[in-house]
Each structure stands twice: as structure tokens, then as C-alpha cells.
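Survey of secondary and tertiary structure
Single-letter residue listing:
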Amino acid sequence: MRSPAWTRDELLLICSRVVTNDWRQLRAYQPGTHELADLLRSLPLHEGEPQRLPEFRSATSVSRKSADLLTSRPGYTGPATRGGRLTRMIAVAFTEREDEMMAAAHALESGISSGDLLRIPPQPGETDEDGATATEGRLLARWAIYRERNPALRRRKVSDALRRGVPVQCEVCDFHFGDAYGPLGQDYIEVHHVLPLHVSGPRETRLEDLAFVCANCHRMCHRSHGGMAWRTPSAVRKEMERSRRAPRPEGG
Ligand SMILES: [Zn+2]
Ligand SMILES: [Zn+2]
């Protein structure tokens with residue numbers, strides 16, 4: 001039996017350490033590498049047998065993976081190691097969007113160390129229908145979805161809107177559940193957090209961080225596409241307007 005393939009979440013954590021190590025290999029004898037290996041073994045990503053293998057996320061395997069990441073970096077001219085496509089993607093993301101990727105790694109680490117992240121069960125929609133996850137990984141997606149499915153928070157947002165006379169309707173397409181479904185849809189709406197977790201940080205959600213969206217537009221806010229897996233309602237609205245202007249193909 002072999003150790004399971006590295007996930008984005010794991011590569012995110014390793015690559016953030018490689019960056020703080022000035023893009024040098026993490027050595028197996030360094031205490032930090034052992035701490036990182038312990039952290040990786042604690043993640044709720046791989047269940048069952050492989051976790052009991054002695055080499056599963058050992059300091060040596062973490063050290064080897066750190067070498068794959070740095071030799072996959074654009075512009076690296078030394079001898080290459082075998083990294084694979086995902087490893088290259090993460091190395092490129094850290095090179096081109098270092099601040100954003102470092103922030104994602106920090107949010108992930110703080111969610112793990114506080115225990116918040118480990119208490120959250122897998123959420124529907126944390127991976128795309130084809131099984132793909134965002135660059136920022138599966139666990140941050142899980143946490144973000146859980147954060148906006150908090151029913152008490154949604155109720156507070158709806159009663160706040162009703163009190164202020166703000167219509168409870170989708171901020172992307174103006175869909176109003178009450179108008180479309182009558183009493184069945186009265187005051188129904190989903191809420192979307194306008195900031196990804198690594199931008200907002202794991203702080204308490206404020207009502208002004210939340211936007212009203214219908215179920216369809218909400219899916220589009222979270223869909224992995226064009227290297228992004230988080231959009232604001234106004235970004236999705238722009239996509240809709242763009243597609244309305246574009247001529248439809250004949251017979252399509
Ligand atoms: Zn909508
Ligand atoms: Zn959302």
C-alpha cells in the first residue's frame with residue numbers, strides 16, 4: 001500500500017513553509033518539519049489504512065515534497081524532481097499570488113489549531129461536481145460553506161432586512177422566492193459571505209459581510225472556474241450581463 005496522493009490543502013501548508021524558508025528545501029532534521037508533519041497527519045483528509053503506514057506524511061516525505069515544490073517553481077533552473085501537475089499549480093500560485101496563498105495557509109492553520117475546522121463535518125458543495133477543489137483547498141471551502149449555512153445568522157440577516165425595508169431577494173438576478181412561490185417561498189433566501197475566509201480571517205461574521213442570493217446564483221458564486229472559486233454577487237452579475245450581450249451560437 002502506498003501513501004495517498006498529496007491534496008491541495010497539504011501542498012498549501014508545505015509551500016507556505018517553503019516560502020518562509022526563502023524557497024529552500026525543508027530538511028527532515030529541522031524541528032519545524034516534524035511539527036508540520038504532525039499537523040499534516042492530524043488533517044481530516046485521509047481516512048483508514050494509509051494513515052497507519054510509517055511513511056505516511058513523515059518528516060522525510062514532507063522534506064521530499066518541499067523539494068518538488070521548489071523545483072516546480074517557474075524560473076527554477078536546477079535539476080527537476082518529480083512533482084506532478086498539482087504540485088506545479090501550487091508552486092505557480094505561490095509565485096504569482098504569494099500574499100493571497102500565504103493568507104489562505106494561515107487561515108487554514110489557525111482553523112486547525114483552534115480546533116474549529118476539525119469539528120466541522122464534510123459539507124455538500126465543498127468540492128465541485130467533478131470532484132475538483134479550489135486552489136485554496138477543500139478544508140477552507142468546507143469551513144466557508146459551513147460558516148454561511150448558520151441558520152441563526154441567516155435569520156438575523158433576514159429580519160434586519162425586513163426591519164429596514166430591504167427586499168429579501170437575490171442580489172445577482174433579483175429573484176424573489178415569495179413572488180415566485182407565494183407563501184411557500186416567503187422570506188426564503190440563501191446568504192453568501194462576500195469575503196473568502198483567508199481575506200476575512202476566522203472572525204465572527206457581521207451582517208454586512210453577507211449578501212442575499214438565490215440558490216442558482218449562489219452556486220455560481222462558489223463554482224471553480226478560471227482559477228477562482230469565490231465571487232461576489234456583483235462579479236456574478238457582471239458575468240450574466242456579459243453573456244446576455246454575447247450573441248448566442250446558431251441552433252444552440
Ligand atoms: Zn439569483
Ligand atoms: Zn456562499
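See above for the structure.
Below, the structure is looked at part by part. (Residues numbered from 1 in each chain as written. Chains lettered and ligands numbered in written order. Predicted model: local features only at pLDDT ≥ 70, side-chain atom pairs only at ≥ 80, totals over all residues. Heavy atoms only, no water.)

Before going further, it helps to spend a moment on the overall build of the protein. The helix and strand tally for the protein stands at twelve helices and two strands. Projected onto its principal axes, the C-alpha coordinates of the protein cover approximately 65 × 45 × 35 Å. Among the 252 residues that make up the protein, the fraction classed as buried is 44%. Long-range contacts, defined as pairs at least 24 residues apart, comprise 64% of the intrachain contacts of the protein with a sequence gap of at least 6. As displayed, the protein offers around 14,200 Å² of accessible surface, 51% of which is attributable to carbon and sulfur atoms. Averaging the coordinates of the 37 positive side-chain charges in the protein and doing the same for the 33 negative ones gives two points 2 Å apart. (Helix = DSSP H or I, 4+ residues; strand = E, 2+ residues; numbered from the N terminus. Buried < 20%, exposed > 50% of the residue type's maximum accessible area, 1.4 Å probe, protein only. Contact = heavy atoms within 4.5 Å. Areas by Shrake-Rupley, 256 points an atom, 1.4 Å probe, with all protein chains shown as cover. Lys, Arg positive; Asp, Glu negative; His and termini not counted. Charge placed at Lys NZ, Arg CZ, Asp CG, Glu CD.)

With respect to the helices and strands, the residue Tyr-29 is situated in the loop between α1 (8-20) and α2 (31-41). Taking relative accessible area as the criterion, Tyr-29 reaches 66% and is therefore assigned exposed. Separated by 91 residues in the primary sequence, Tyr-29 and Ile-120 place their C-alpha atoms 33 Å from one another.

Our focus in this paragraph is the coordination of the zinc ion (ligand 1). Of the protein atoms, only Cys-170 (SG), Cys-173 (SG), Cys-214 (SG) and Cys-217 (SG) coordinate the zinc ion (ligand 1), at distances of 2.3 to 2.4 Å. Because the angles between the four donor atoms bound to the zinc ion (ligand 1) fall within 102 to 115°, the donor set is best described as tetrahedral. With a relative accessible area of 1%, Cys-170 lands in the buried category. (Donors = N, O, S within 2.8 Å, 3.2 Å for Na, K, Ca; no water. Tetrahedral: all angles 85-135°; square planar, octahedral: opposite > 155°, others 65-115°.)

With that out of the way, let us pick up the pattern of salt bridges. Overall, the coordinates contain 14 salt bridges when judged by the stated rule. For Arg-242, the salt bridge identified is with Glu-239, shortest N-O distance 3.1 Å. Placement of the pair is Arg-242 and Glu-239 together in helix α12 (residues 233-245), with a separation of three residues, close to one helical turn. One salt-bridge network, in which partners are shared between bridges, spans Glu-126, Arg-138 and Arg-142. (Salt bridge = Lys/Arg side-chain N within 4 Å of Asp/Glu carboxyl O.)

Further remarks concern the packing of α2 against helix α3 (residues 59-71). Running from amino to carboxyl end, α2 crosses α3 at an angle of 100°, the nearest separation of the two axes being 9 Å. Viewed along their axes, α2 and α3 adopt a mutual orientation that is roughly perpendicular. Side by side, α2 and α3 meet where Thr-33, His-34, Leu-36, Ala-37 and Leu-40 of the first sit next to Ala-59, Val-62 and Ser-63 of the second. The class makeup of the residues in the contact of α2 with α3 is five nonpolar, three polar and no charged. (Axes fitted to C-alpha atoms, helices over the stretch in contact; angles between N-to-C directions. Parallel < 35°, antiparallel > 145°, perpendicular 65-115°, else oblique. Nonpolar A, V, L, I, M, F, W, Y, C, P; charged D, E, K, R; others polar.)

It is worth spelling out the coordination of the zinc ion (ligand 2) at this point. The protein atoms that coordinate the zinc ion (ligand 2) are Glu-148 (OE), Glu-148 (OE), His-192 (ND1), His-218 (NE2) and His-222 (NE2), at distances of 1.8 to 2.6 Å. Expressed as a motif, the donor residue spacing for the zinc ion (ligand 2) is E-x43-H-x25-H-x3-H. Linking Glu-148 in helix α7 (residues 138-148) with His-218 in helix α11 (residues 215-222), this pair joins segments that are 70 residues apart in sequence. Given the relative accessible area of 6%, Glu-148 is considered buried.

Turning next to the environment of Thr-71. Looking at the element boundaries, Thr-71 is found in helix α3. Under the relative-accessibility criterion, Thr-71 is labelled buried at 12%. When near neighbours in sequence (up to four residues on either side) are disregarded, Thr-71 contacts Tyr-76, Pro-79, Ala-80 and Thr-81. A polar contact of 3.3 Å, which involves the side chain of Thr-71, links it to the backbone oxygen of Asp-68. (Polar contact = N/O pair within 3.5 Å; in protein donor to acceptor, adjacent residues only side chain to side chain.)

Let's shift gears to the packing of aromatic side chains. The final tally for this structure, using the stated rule, is four aromatic pairs. Taken together, a centroid distance of 4.9 Å and an interplanar angle of 80° make the contact between Phe-175 and Phe-177 edge-to-face. Of the residues examined, Phe-175 reaches a relative accessible area of 29% and is grouped as partly exposed. Between Phe-177 and Tyr-188, the aromatic rings sit 4.8 Å apart at their centres with planes inclined by 80°, giving edge-to-face as the arrangement. Remark: Tyr-188 occurs in the loop between α9 (177-181) and β1 (190-193) and Phe-177 occurs in helix α9; sequence separation between them is eleven residues. The class of Tyr-188 is partly exposed, set by a relative accessible area of 36%. An aromatic cluster of at least three residues, connected via ring pairs, comprises Phe-175, Phe-177, Tyr-181 and Tyr-188. Cation over ring: Arg-57 sits above Trp-6, and NZ or CZ is 4.0 Å from the ring centre. (Phe/Tyr/Trp six-rings, centres within 6.5 Å; stacked < 30°, edge-to-face > 60°. Lys NZ or Arg CZ within 6 Å of the ring centre and 35° of its normal.)

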